[in-house]
Amino acid sequence: MAELCEKCTTPLDDAGHCVTCEADAEGLALVTRSGYASVREMMSLLEVEGLGPEMEKVPPARPEERAHPLWNLYVPRDEAPRAVEFLRRDWAELLEDPEAAAAAARGQAGVDLDQGGDLTCPACGHVFAVRGGEEAECPECGLGLGAPSNAAPDESQS
């Protein structure tokens with residue numbers, strides 16, 4: 001597990017720097033941290049509103065974040081209240097929708113392809129079986145769920 005910043009708990013990069021604290025020192029305020037697609041969509045919405053958002057990849061804290069990194073979304077500090085209010089209004093309907101909440105929970109849960117068995121597609125909620133150690137694709141919506149871990153077994157345990 002990666003070392004975390006003592007101030008904001010962001011995973012530190014290889015040089016021991018915190019990208020979130022460095023952005024703060026440059027006058028940027030963190031709006032949210034999420035997957036690329038979500039952050040990119042919010043960034044586009046904020047740009048349309050005339051704001052100056054920026055996004056930055058966060059160093060991985062867990063092994064699964066190497067393949068699916070998290071991203072920080074920032075705006076200039078003086079734009080932060082306006083950005084947060086705009087995004088709250090824009091996403092308010094989704095936050096109250098039980099189906100959207102269930103989809104968000106599926107997306108955060110992740111999948112373990114090495115384990116095999118029944119998986120729930122994070123995108124559409126379809127449940128299907130996979131064999132451990134094989135690539136998986138949802139038969140309902142076609143979402144590619146990636147490949148299993150290809151880490152070499154620990155030879156010291158042989």
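Residues numbered from 1 in each chain as written. Predicted model: local features only at pLDDT ≥ 70, side-chain atom pairs only at ≥ 80, totals over all residues. Heavy atoms only, no water.

Enquirer: Just to check I follow, could you spell out the packing of aromatic side chains for this structure?
Expert: How two aromatic rings sit relative to each other is set out by the distance from centre to centre and by the angle between their planes. By the definition in use, this model includes 1 aromatic pair. An angle of 70° between the planes, with centres 5.3 Å apart, marks the rings of Tyr-36 and Trp-71 as edge-to-face. Of this pair, Tyr-36 sits in helix H2 (residues 36-48) while Trp-71 sits in strand E3 (residues 70-76), placing them 35 residues apart in sequence. (Phe/Tyr/Trp six-rings, centres within 6.5 Å; stacked < 30°, edge-to-face > 60°. Helix = DSSP H or I, 4+ residues; strand = E, 2+ residues; numbered from the N terminus.)

Enquirer: Before we go on, may I ask you to explain the environment of Gly-144 in this structure?
Expert: Position of Gly-144 relative to the elements: it lies in the segment after strand E5 (127-130). Setting aside its immediate chain neighbours within four residues, Gly-144 contacts Ala-136 and Glu-137. (Contact = heavy atoms within 4.5 Å.)

Enquirer: Looking at this structure, I do not really get unusual backbone geometry. What am I missing?
Expert: Excluding glycine, a negative phi dihedral is what most residues carry, and trans is how most peptide bonds are arranged. Even without being a glycine, Thr-9 presents a positive backbone phi close to 65°. Structurally, the position occupied by Thr-9 is in the segment before helix H1 (19-25).

Enquirer: Which parts of the structure should I look at to understand the pattern of salt bridges?
Expert: Side chains bearing opposite charge may pair, as long as their charged atoms lie close to each other. What the rule picks out here adds up to 5 salt bridges. When the shortest N-O distance is used, the salt bridge between Asp-24 and Lys-7 registers 3.8 Å. Here Lys-7 lies in the segment before H1 and Asp-24 lies in helix H1, a separation of 17 residues in the sequence. Among the residues examined, Lys-7 registers a relative accessible area of 65% and is labelled exposed. Among the ionic pairs, Arg-62 bridges to Glu-65, the shortest N-O distance being 2.9 Å. Among the charged side chains, a network of salt bridges with common partners joins Lys-7, Asp-24 and Arg-77. (Salt bridge = Lys/Arg side-chain N within 4 Å of Asp/Glu carboxyl O. Buried < 20%, exposed > 50% of the residue type's maximum accessible area, 1.4 Å probe, protein only.)

Enquirer: What exactly am I supposed to notice about the environment of Gln-115 here?
Expert: For Gln-115, the position within the fold is in the loop between helix H5 (98-109) and strand E4 (117-120). Judged by relative accessible area, Gln-115 falls into the exposed class, the value being 63%. For the pair Gln-115 and Gly-132, spaced 17 residues apart in sequence, the C-alpha separation works out to 5.1 Å.

Enquirer: What is the right way to read the sheet that holds E3 from this model?
Expert: Strand pairs in the sheet, formed through backbone hydrogen bonds, run parallel or antiparallel to each other. Taken together, the 3 strands give an open sheet; going across it, the order is E1-E3-E2, and neighbouring strands pair in antiparallel fashion. Both edges of this open sheet fall to strand E1 (28-35) and strand E2 (54-57), since each of them pairs with a single strand only. For this sheet, the mean angle separating the axes of adjacent strands, direction not counted, is 30°. Here 7 bridges tie E1 to E3, and the two strands are oriented antiparallel to one another. Looking at the pairing, Ser-34 lines up with Trp-71 of E3. (Pairing = 2+ DSSP bridges. Axes fitted to C-alpha atoms, helices over the stretch in contact; angles between N-to-C directions.)

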